[in-house]
Each structure stands twice: as C-alpha cells, then as structure tokens.
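Observations on the model geometry
Each chain, letter by letter, is given below.
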Amino acid sequence: QSALTQPASVSASPGQSISISCTGTSSDIGGHIYVSWYQQQPGKAPKLIMYDVVRRPSGVSDRFSGSKSGNTASLTISGLQAEDEGDYYCSSFTTTNTLLFGGGTKLTVL
Amino acid sequence: QVELVESGGGLVKPGGSLRLSCAASGFTFSDWYMNWIRQAPGRGLEWMSYISHGGDARNYADSVKGRFIISRDNAKNSLYLQMNTLKAEDTAVYYCVRDRGGSAFDIWGQGTMVTVSS
C-alpha cells in the first residue's frame, strides 16, 4: 500500500491561486469518488476541507475547490490568505477497503 | 458539542502492548463508522483501521494487520485500539476519527502519543 503522491511543498503570494495534485492509481483515486482533502496547522488535528472529490463541508470557504481526472485529484485554493498556511493531505478509499493518504504538501503564503 | 477524547497513550518497550480508548460525546456514536489514524513525529498521516457501526466489519492497514485490534462498545460510546507486539516505528500520535461517509473524516480527537522505546 504505497502512499498517494503529492508535491512536498508549494508557495505563492496572498491573493494568488495554487493547486495541489494527488496522484494514485486505478485502485484508489481512479476507482471511485471517495477522495478527501485535509488541512493541518501546526500542533492541531487535521481538518476536513473537501470530500467526495468536490464537496465542501459546512463552514469551509468557497475559495477551496476540488477536482479529479483519471488517477489524479487536485485541490485548488484561490485568493490565498495567510491563514491558509499549513500542511495539506489528500486521501482516497481503495478497492481493497483500506484508505491511503498522500505524503502531504506544505503550503507557504509568501 | 461533538467531541472525541483519546486516552491510553504512553511509553512502552518494543514488543509490549497498549490499549487506546476514545470517548465520544455530542453525537449518536452507534450511527457512525469510526477509524484510527496515526501521525509519526514530523511525518504524514497514516490510516490504521476502521470499524463499522455495529462492529461487524473491520479492516486494517498492512503495517498493523495481525498486531492491532479495533473494537467498540456502543453502550459506552467508546472506541478502542488494542496494540500488540509494538515496534519503534509505531511511535506516533494516534487519532480517533469519525467517518461522515465515504471515508471522509469530519471529527478528530486531540490525539494521544504512543512512544515505543527501550
């Protein structure tokens, strides 16, 4: 069970947009819609910010959006704000009824 | 309010055992699948195990299959993780997590630290 592949880091200035990719296989991301994204800030538990590829939980800003193409999912954050800094993780259910996380992406707002 | 509170972490020697507990409140515990997820110091998230509403369905990550056992007591609104034959690489913060459906984890506990060291 290999982790999903995410870029280690991404950075941009306030107001800009960024996308974080998450690449898996047909046995996980490519196999269904159960792809989620989490934001984790230092010293805190992760927070769900996207599920079922494109759905936002109540209270999550509409600056966050999700998409998927084949075996790759993406999280886009528009209008970057300083408070968006943190680590972002993707996850996907798998065809063997397990779950995989990505290795995480550190977002820096310059 | 909706809350998950883990307990039972600590320092244990390699080969030892530990049982983690998670107390749920603020929601109908028996309605939800529950999971354990861990995070080694400075590392990413790693899914460990899930258990269904009634406990009849469970699964584990390969890294802990045969060593860890997930269970629940719906009458006590509690989730458990029995960890056996612990290894140094099991050192991590362990989170109790609610699955809102589709393996989307919407409620997380504060985590409990497990350190495996001689």
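Before any of the text, the structure's been laid out above.
Here's a quick rundown of the structure. Being a predicted model, the structure only gives us computed values, none of them experimental.

On to the sheet that holds strand 8 (residues 78-83) of chain B, then. Residue and element names in this part refer to chain B. Pairing is antiparallel in the open sheet, where four strands are placed in the order 1-3-8-7. Strand pairing shows two members of the sheet lacking a second neighbour, strand 1 (3-7) and strand 7 (68-73), which therefore form its edges. Within this sheet the neighbouring strands show an average axis-to-axis angle of 15°, counted without direction. Strand direction decides the pairing type here: strand 1 and strand 3 (residues 18-25), joined by five bridges, are antiparallel. Residue pairing across strands places serine 7 opposite serine 21, the latter belonging to strand 3.

Let's shift gears to the packing of aromatic side chains. Overall, the coordinates contain nine aromatic pairs over all chains when judged by the stated rule. Ring geometry for Phe105(B) against Trp108(B): centres 6.4 Å apart, planes inclined by 85°, an arrangement best described as edge-to-face. Here Phe105(B) falls in the buried class, since its relative accessible area comes to 0%. Under the relative-accessibility criterion, Trp108(B) is labelled buried at 11%. Taken together, Tyr38(A), Phe101(A), Tyr95(B), Phe105(B) and Trp108(B) form an aromatic cluster joined through their ring pairs. The lysine or arginine in question, Arg98(B), covers the ring of Phe27(B), its NZ or CZ lying 4.9 Å from the ring centre. Between Arg100(B) and the ring centre of Tyr51(A), over which it is positioned, the NZ or CZ distance is 4.0 Å.

Turning next to the interface of chain A and chain B. Residue-level contacts link 19 residues of chain A with 21 residues of chain B. Counting the surface lost from both chain A and chain B, the interface buries some 1,600 Å², and carbon and sulfur atoms represent 59% of this. Across the chain A-chain B interface, the total number found is zero salt bridges. At the junction of chain A and chain B, the tally comes to six residue pairs in polar contact (both at pLDDT 80 or more). Every element with two or more residues in the side of chain A that touches chain B is listed here: strand 3 (35-40), strand 7 (86-93) and strand 8 (99-101) of chain A. Its residues placed into classes, the side of chain A that touches chain B shows ten nonpolar, eight polar and one charged.

Core analysis: the biggest nonpolar cluster contains 42 residues, and Phe101(A), Trp36(B), Leu79(B), Met83(B), Tyr94(B) and Phe105(B) have the highest contact counts within it. By size, the runner-up hydrophobic cluster in this structure holds 23 residues, among which are Leu4(A), Ile18(A), Val35(A) and Tyr88(A).

Another aspect to go through is the side chain of Thr91(B). All names here are of chain B. Its location among the elements puts threonine 91 in the loop between strand 8 and strand 9 (92-99). Among the residues examined, threonine 91 registers a relative accessible area of 16% and is labelled buried. A polar side-chain atom of threonine 91 sits 2.9 Å from the main-chain carbonyl oxygen of alanine 88. Polar contacts involving the side chain of threonine 91 include one to the main-chain amide nitrogen of valine 116, which spans 2.9 Å.

Rules of the game
- Residues numbered from 1 in each chain as written.
- Chains lettered and ligands numbered in written order.
- Predicted model: local features only at pLDDT ≥ 70, side-chain atom pairs only at ≥ 80, totals over all residues.
- Heavy atoms only, no water.
- Pairing = 2+ DSSP bridges.
- Helix = DSSP H or I, 4+ residues; strand = E, 2+ residues; numbered from the N terminus.
- Axes fitted to C-alpha atoms, helices over the stretch in contact; angles between N-to-C directions.
- Phe/Tyr/Trp six-rings, centres within 6.5 Å; stacked < 30°, edge-to-face > 60°.
- Buried < 20%, exposed > 50% of the residue type's maximum accessible area, 1.4 Å probe, protein only.
- Lys NZ or Arg CZ within 6 Å of the ring centre and 35° of its normal.
- Contact = heavy atoms within 4.5 Å.
- Buried area = accessible area lost by both parts, 1.4 Å probe.
- Salt bridge = Lys/Arg side-chain N within 4 Å of Asp/Glu carboxyl O.
- Polar contact = N/O pair within 3.5 Å; in protein donor to acceptor, adjacent residues only side chain to side chain.
- Nonpolar A, V, L, I, M, F, W, Y, C, P; charged D, E, K, R; others polar.
- Core = buried A, V, L, I, M, F, W, Y, C linked by side-chain atoms within 4.5 Å.

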